[in-house]
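Now for the letters of each chain:
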Amino acid sequence: MRRKLAIAAVITVSIALVIGCVEIDIVRAQNNTEASPIYGVTIPDGYRRWELIARALEGDPLSELRAVVGNTVAMDAYRNSTLPFPDGTVLVKLAWKRMQSAEFEPASVPGAATTVQVMVKDSKKYASSGGWVLAGSLMASQSTKRHETCFACHEARVQGHDYVFTRYAP
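Residues numbered from 1 in each chain as written. Predicted model: local features only at pLDDT ≥ 70, side-chain atom pairs only at ≥ 80, totals over all residues. Heavy atoms only, no water.

A. Representation of the pairing of strand β2 (residues 64-70). Of all the seven residues making up β2, seven are buried; the element is thus mostly covered by neighbouring parts of the structure. Going residue by residue along β2, you find E64, R66, V68 and G70 tucked away on one face and L65, A67 and V69 tucked away on the opposite face as well. Here seven bridges tie strand β1 (residues 51-58) to β2, and the two strands are oriented antiparallel to one another. For L52, the partnering residue across the bridge sits in β2 and is V69. With antiparallel pairing between neighbouring strands as the criterion, β1 and β2 make up a hairpin whose turn holds five residues, including S63 at a positive phi of roughly 50 degrees. (Buried < 20%, exposed > 50% of the residue type's maximum accessible area, 1.4 Å probe, protein only. Helix = DSSP H or I, 4+ residues; strand = E, 2+ residues; numbered from the N terminus. Pairing = 2+ DSSP bridges.)

B. Local environment of the environment of E51. For E51, the location among the structural elements is in strand β1. Put simply, E51 and N71 are 20 residues apart on the chain and 7.2 Å apart in space, counted from C-alpha to C-alpha. Look past the residues within four positions of E51 in its chain and what remains in contact with it is V68, V69, G70, M75 and R79. A polar contact is formed between the side chain of E51 and the side chain of R79, at a distance of 2.2 Å. (Contact = heavy atoms within 4.5 Å. Polar contact = N/O pair within 3.5 Å; in protein donor to acceptor, adjacent residues only side chain to side chain.)

C. Molecular detail of helix α3 (residues 72-79). Among the residues of α3, A74, M75, A77 and Y78 are the ones counted as buried. The buried residues of α3 occupy an angular sector of 160 degrees when the element is viewed end-on, so they sit on one face. Looking at the packing, one finds that the buried side of α3 touches β1, β2 and β3 (90-100). (Arc of directions from axis to C-beta.)

D. Expanded view of unusual backbone geometry. For the peptide bond that leads from D60 to P61, omega is 10 degrees, which places it in the cis range. By the secondary structure assignment, P61 is in the loop between β1 and β2. Residue P84 is reached from L83 by a cis peptide bond, and omega for that bond is -5 degrees. Secondary-structure assignment places P84 in the loop between α3 and β3. Located in the positive-phi region is S63, a residue other than glycine, with phi close to 50 degrees. Relative to the helices and strands, S63 resides in the loop between β1 and β2. The exposure class assigned to S63 is buried, which follows from its relative accessible area of 13%. In the Ramachandran plot, S81 falls in the positive-phi region, its phi being about 50 degrees despite a non-glycine side chain.

E. Expanded view of the environment of K97. Take K97: it is sitting in strand β3. For the pair formed by K97 and S63, sequence separation is 34 residues and the distance between their alpha carbons is 6.1 Å. Residues within four places of K97 in sequence aside, it is in contact with P61, L62, S63, E64, V109, P110, G111, A112 and T114.

F. Structural detail: the packing of aromatic side chains. For the structure on display, the rule yields four aromatic pairs. An angle of 50 degrees between the planes, with centres 5.2 Å apart, marks the rings of F151 and Y163 as tilted. Of this pair, F151 sits in helix α4 (residues 144-158) while Y163 sits in the segment after α4; the two residues are 12 residues apart in sequence, bridging distant segments of the chain. Among the aromatic residues, ring-to-ring pairing joins Y78, F85, W132 and Y168 into one connected group. (Phe/Tyr/Trp six-rings, centres within 6.5 Å; stacked < 30°, edge-to-face > 60°.)

Listed below in structure tokens is the structure:
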């Protein structure tokens, strides 16, 4: 069991280095035991019961299946096409390695979990990054520099959508 947890942690760190975003260690995320050393963000209680905003497929080199869920504030904003998103919006992205289905070869299915990422909207507290904290890291190796790198990508590509990549898939 410890070996599997260690492998999961290594995968999480490796993926975090590849994509340059602040990540949350998947093992700790499942237990919701620690806050981010950078921003104090924790995985929200009950997030797995939140509504689905959209799914996505990430190509190589990550080759992941992803799902983004949102709290009630987020879902109301998406349904009403509200931009910018209101303070209190919380988005959680879950990611798994993409695997070929053993039962139906043309299909991709979730493999090992890789990351859980959180975006929290607070326009006053996070004014320097468009009002968002782009995930809190539970890994000691993360820093504000990693958050800034992540925000730079959001700023360059989706500033017109309040720095959020995910579109609602009703």
